[in-house]
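Here is how the chains run, residue by residue.
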Amino acid sequence: MIDPIKRRTDRFGWQIRVVLYMGLALLMACGVEPDTTDLFIDDERVQTRVTDMIEAQTVLDILTDMLAGKTAYDKPNARYAQKELKRLMADIPRRFRRERGDPLDRAEERIWHQWDDFLRQARIAEDRARDIEIGSRAQLRTSLGPMLIACQSCHDRYRTY
Ligand code: HEC
């Protein structure tokens, strides 16, 4: 038996969409523009450290994609990714120095109670970034593991989820 709710939404699917689009167009015509920054973090310092972390993930993905065979091994790209990782890991202490909060951030308050340990984790991550060897895909494979562990181990301790 066909689910009656599904049947109804199937039947009215396009009308619902038209109504939604018309509503959105009307709001925008009235000068209401969705401000995406309201949906995100308001505190500028928190935003900067989160942006840095997302960037770290993006450049790390360049390397893991090469290892997974999603992209071809490319030394200049690998070098760029390593350089960025070194910079981003070295910037962690500065980015987190001041205790700042935002309802949307994922930093554990523990960071500022155990600042020395947090710094140690950041330093290890910087060292691991420096230790990445990009000479060949095989070198990259063996040297990237410790970097991933360094990211993970800090997140386990100092990131809420
Ligand atoms: C010394 C600790 C530390 C290290 C090392 C570290 N991180 Fe983070 N990371 C954090 C903390 C703390 C947060 C939460 C920040 C916040 O929300 O304010 C975070 C957040 C993130 C986020 C989530 C951003 C979001 O959308 O909220 C990503 C992705 C991330 N880190 C990637 C990485 C990668 C990749 C590495 C390693 C290359 C790394 N991190 C190394 C502490 C660390």
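*Asks:* For helix H6 (residues 137-158), give the residues involved together with the corresponding values.
*Replies:* Along an α-helix, residues three or four apart share an orientation, since each turn contains 3.6 residues. Taking 1.5 Å per residue as the helical rise, H6 with its 22 residues ought to reach 32 Å, and the 31 Å between its terminal C-alpha atoms agrees with that figure. The largest bend in H6 comes to about 30 degrees, at Ser143, with the proline Pro146 one to four residues further on. Among the residues of H6, Leu140, Leu144, Met147, Ala150, Cys151 and Cys154 are the ones counted as buried. The inward-facing, buried residues of H6 abut helix H2 (44-67), helix H3 (75-96) and helix H5 (115-131).

*Asks:* Kindly report on the site of the ligand, identifying the contributing residues and their values.
*Replies:* Close contacts around the ligand come from 24 residues, with Met53, Asp105, Ala125, Cys151 and Cys154 the closest. Elements that contribute at least two residues to the shell around the ligand include exactly H2, H3, H5 and H6. Ranked by residue count, the leading element in the shell around the ligand is H2, at eight residues.

*Asks:* Report on the environment of Glu133, specifying residues and quantitative values.
*Replies:* You can see Glu133 is positioned in the loop between H5 and H6. For Glu133, a count of 14 C-beta atoms within 10 Å gives the class partly exposed. Sequence separation of Glu133 and Ser143 is ten residues, and the distance between their C-alpha atoms is 6.0 Å. Every residue in contact with Glu133, bar those within four places of it in the chain, is listed here: Gln139, Leu140 and Ser143.

So, how was this worked out
Residues numbered from 1 in each chain as written. Predicted model: local features only at pLDDT ≥ 70, side-chain atom pairs only at ≥ 80, totals over all residues. Helix = DSSP H or I, 4+ residues; strand = E, 2+ residues; numbered from the N terminus. Expected span 1.5 Å × (residues − 1). Bend = angle between axes of the 7 residues up to and from the residue. Buried ≥ 20, exposed ≤ 12 C-beta atoms within 10 Å, placed from the backbone. Contact = placed C-beta atoms within 7 Å. Near = placed C-beta within 6 Å.

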